[in-house]
Structures are given as structure tokens and as C-alpha cells.
Amino acid sequence: MDTRQLKTLVAIAEHGTFAKAAEAVGLTPSAVSQQIQALEMEVRAELFDRSTRPITLNGHGLQMLEAARTLVRDADNIIDAISGRAVSGTFTIGSVRSSALSLLPLSIVALKADYPDLRIKLQVANTDELMNDVLSGRLDCAMVAEYSGIPSALRWHPFINEPLLVIGPEGTPQMSGLDMLSTMPYVRFNSRFRLAQIIETELAKTGIVPNLIAEIDTIASVVSCVIHGLGVSVVPWIALRDITAPLVSAPFGEPQILRPIGLVQRRAGTRAAIIDRLHQHLSRLSDPYGIARG
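Residues numbered from 1 in each chain as written. Predicted model: local features only at pLDDT ≥ 70, side-chain atom pairs only at ≥ 80, totals over all residues. Heavy atoms only, no water.

## Quick look at the environment of His15
Within the secondary structure layout, His15 lies in helix 1 (residues 3-15). His15 sits 237 residues away from Phe252 along the chain, and the two C-alpha atoms are 51 Å apart. Ignoring any residue separated from it by four or fewer positions in sequence, one finds His15 in contact with Lys20, Ala21 and Ala24. (Helix = DSSP H or I, 4+ residues; strand = E, 2+ residues; numbered from the N terminus. Contact = heavy atoms within 4.5 Å.)

The following block contains the structure:
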């Protein structure tokens, strides 16, 4: 199977028509048609619904498109690695919806400075979806918290071991985190994400029943409520990294709870060097809690 045909198929899907795809790949429209016809003959199936205008990918075509994107990306990656040419193509990163997501924009900017010809795409989803997308090759890597269900075909490298903190508004008397939670109104992080489960489990262990005043489903909103004096709460260190408003904080948990976050990738992936570099940037931005790649 000719990767040029696969690149043309991807271009048609991205640009919508044979004519626009021809411009994108530097061919004539007739050459694009010939490549698609040759590809359809090889797979012994039509890939487009030609009854519509413009024509659209049919079920076989959509299935072929998913495989084509992976094969083209892997082929380009291998050529980059062997030839030593400037790294190019598309590098896809996934992330869970968490406060750690705030680290990625700065890391991506730094990665673009390392690889100017690299196009970077970010996808946000839940942990299970990210794992499946990394396994299938739709993602090169993904940022997830420590997770016991990582498949054997993947590997996970932490870049931060961040502490959890009890935070209170400016003027809160200095006291332990447990005393803050037992004596002041409590803003609860109410979410299906594992971070919320970690917080609730530790609270149950202490036997404290906080005076609940609000339940919020995003960490950013929780921090805002605390800043404005609604009560105290428990948040990860990353959530406070760019906060300039004065807050009182104390360790959460005895001993203090630490949450590892890292990058997951395929063991047989072809973009290890880029992922290593991304890990370095994330670890640096996580100082003083960053973890060097082992």
C-alpha cells in the first residue's frame, strides 16, 4: 500500500474536495482521482459515496481513514528518526480535564521551539478514552494521573508528585488543615474524577464531617469560592500555581497526600524522543515537585 495514496485520502477528508486536496498535496485533481481509484482497487471496496456533492467517505472510507492517519504518521516518524531530518508532521497529545491541564500550553510552546516544523494537536477526554486512543495510535501520548488500569502495551512516566492542600481565604487563622476543615464552612469538590475520590477517602479516614456550604464540579471554581471567602477546601498544588490572590494553606492528610501525574505512551511508539522532551518541559514547569524521567 502506497503511503502517498493514504496521504491523499487524509487530505480529501480534511479539505472536503478532490480539488482542494490536490492543492494540499501538490497534485492535479486527475492524479488525485487516479490515486483513490488505485487504492479502492487494492482494498476491493469503494471508499466514497459518489451520489453526494461533494462526495463523502462511506463506512469503508471512514474505517480506512482512521488506519491511514496512523500509518502515515508512523511512516513519517520512522523516516524522521532514521534520516535525522527535521521533525515534522503532527504530534497529538491527550489530557484529562484537570488543573494539570494548565501546564500543557506552556509545555507545548516550549516543544514548538524545539521542533518548529512539528504541528501539535491537543485533545481533552476522560482517562479511559485517552488510554484507548493512545493504544490505537490516535494519540502519541496522554497526560493522566496515576492509574492502576494501564494496559501492558503502554507505559506511564510521572512528571510531578504534587501535594494536596487545604486552602482558606485571606485572614484565616493559622491552623492545621484538619482544624480548618473541622471548624470552617467547606466547599466540596464534587466530581466523578479520581481526585474527588482521593479527597473524600482521606476525609472519611480522619472522621471529620465538614460543615458543607457548597458543592462545585471544577477546581477553578472551588478556588474562586475560597478566594471570595465562602469557606475552605482541598485542592491540588497545580491549581494554585498561577493564583496571585492571597490564600492561607496547610497540608492535607496525615501524612500529606501526594498525587502523581504523568505521560502515558505506547511501548512500541515511534515518537519517544518528542515525548521525552515534552516530559522534560512538564517536569521543569512543575518545580519544586517535578520528577525527572527515569
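## As for the packing of aromatic side chains
Within this structure, the stated rule accounts for 2 aromatic pairs. A ring pair is formed by Phe18 and Phe48, whose centres lie 5.5 Å apart and whose planes are at 70°; its orientation type is edge-to-face. Note that Phe18 is positioned in helix 2 (residues 18-25) and Phe48 in strand 1 (residues 48-49), a separation of 30 residues in sequence. Residue classification places Phe48 among the buried residues on the basis of a relative accessible area of 2%. For the pair Trp237 and Tyr289, a centre-to-centre distance of 5.1 Å together with 70° between the ring planes defines the contact as edge-to-face. Placement of Trp237 in the loop between strand 9 (233-236) and strand 10 (247-251) and of Tyr289 in the segment after helix 10 (272-285) is noted, with a sequence separation of 52 residues between them. Judged by relative accessible area, Tyr289 falls into the partly exposed class, the value being 30%. (Phe/Tyr/Trp six-rings, centres within 6.5 Å; stacked < 30°, edge-to-face > 60°. Buried < 20%, exposed > 50% of the residue type's maximum accessible area, 1.4 Å probe, protein only.)

## So, the side chain of Glu162
Here Glu162 is to be found in strand 6 (residues 154-169). A residue is classified by how much of its surface remains accessible, and Glu162, at 0% relative accessible area, is buried. Looking at Glu162, its side chain comes within polar contact range of the main-chain nitrogen of Trp237, at 3.3 Å. One polar contact links Glu162 to Arg259, side chain to side chain, over a distance of 2.6 Å. Not counting the four nearest positions on each side in its chain, Glu162 is found in contact with Pro236, Trp237, Ile238, Ile257, Leu258, Arg259, Ile261 and Tyr289. (Polar contact = N/O pair within 3.5 Å; in protein donor to acceptor, adjacent residues only side chain to side chain.)

## Structural notes on the side chain of Ser286
By the element assignment, Ser286 lies in the segment after helix 10. Given the relative accessible area of 0%, Ser286 is considered buried. Setting aside its immediate chain neighbours within four residues, Ser286 contacts Leu103, Phe159, Ile160 and Trp237.

## Quick word on the nonpolar core
Within the largest apolar cluster, 30 residues are counted, with the highest numbers of intra-cluster contacts made by Leu164, Leu181, Ile199, Val235 and Phe252. Only strand 6, helix 7 (177-183), strand 7 (185-189), helix 8 (194-206), strand 8 (211-216), helix 9 (219-227) and strand 9 provide two or more residues apiece to this core. With residues near it in sequence (within four places) discarded, Ile199 still touches Leu164, Tyr186, Phe189, Val234 and Phe252. Formed by 23 residues, the second largest nonpolar core is a distinct cluster that contains Phe91, Leu103, Ile238 and Leu282. (Core = buried A, V, L, I, M, F, W, Y, C linked by side-chain atoms within 4.5 Å.)

## A look at the packing of helix 1 against helix 2
With their axes 8 Å apart at the nearest point, helix 1 and helix 2 run at an angle of 125° to one another. Here helix 2 runs oblique to helix 1, going by the angle between their axes. Both helix 1 and helix 2 take part in a crossing whose hand is right-handed. Residues Lys7, Thr8, Ala11, Ile12 and His15 of helix 1 pack against Phe18, Lys20, Ala21, Ala24 and Val25 of helix 2. The residue makeup of the contact of helix 1 with helix 2, split by class, is 6 nonpolar, 2 polar and 2 charged. (Axes fitted to C-alpha atoms, helices over the stretch in contact; angles between N-to-C directions. Parallel < 35°, antiparallel > 145°, perpendicular 65-115°, else oblique. Left-handed = near helix turned anticlockwise from the far one by under 90°. Nonpolar A, V, L, I, M, F, W, Y, C, P; charged D, E, K, R; others polar.)

## Focus: the pattern of salt bridges
Per the stated rule, a full pass over the model turns up 10 salt bridges. Arg138 is the partner of Asp133 in a salt bridge, and the nearest nitrogen-oxygen pair spans 2.8 Å. When its relative accessible area of 11% is taken as the criterion, Asp133 is described as buried. In this structure Arg138 comes out as partly exposed when scored by relative accessible area, which is 35%. (Salt bridge = Lys/Arg side-chain N within 4 Å of Asp/Glu carboxyl O.)

## Comments concerning helix 2
Within an α-helix, residues lying three or four positions from one another point in the same direction, as the helix has 3.6 residues per turn. Among the residues making up helix 2, those that are buried are Phe18, Ala21 and Ala22. When helix 2 is viewed along its axis, its buried side chains cluster within an angular range of 105° and face the same direction. Tucked into the core, helix 2 has its buried residues touching helix 1, helix 3 (29-43) and strand 1. (Arc of directions from axis to C-beta.)

## Regarding the pairing of strand 11 (residues 258-266)
Burial of strand 11 is extensive: 8 of the 9 residues sit out of reach of the surface. Note that strand 6 and strand 11 share 9 bridges and pair antiparallel. By the bridge assignment for strand 11, Pro163 is matched with Leu258. (Pairing = 2+ DSSP bridges.)

## Structural notes on the environment of Leu6
Note on placement: Leu6 falls in helix 1. The sequence separation of Leu6 and Leu39 amounts to 33 residues, and the corresponding C-alpha distance is 8.2 Å.

## Here's the deal with unusual backbone geometry
In this structure, Pro54 follows Arg53 across a cis peptide bond, with omega equal to -5°. Along the chain, Pro54 falls in the loop between strand 1 and strand 2 (56-57). Here the amide bond leading from Asp287 into Pro288 is cis, since omega sits at 10°, within 30 degrees of zero. As for its placement among the helices and strands, Pro288 is situated in the segment after helix 10. Even without being a glycine, Arg44 presents a positive backbone phi close to 60°. The residue Arg44 is located in the loop between helix 3 and strand 1 in this model.

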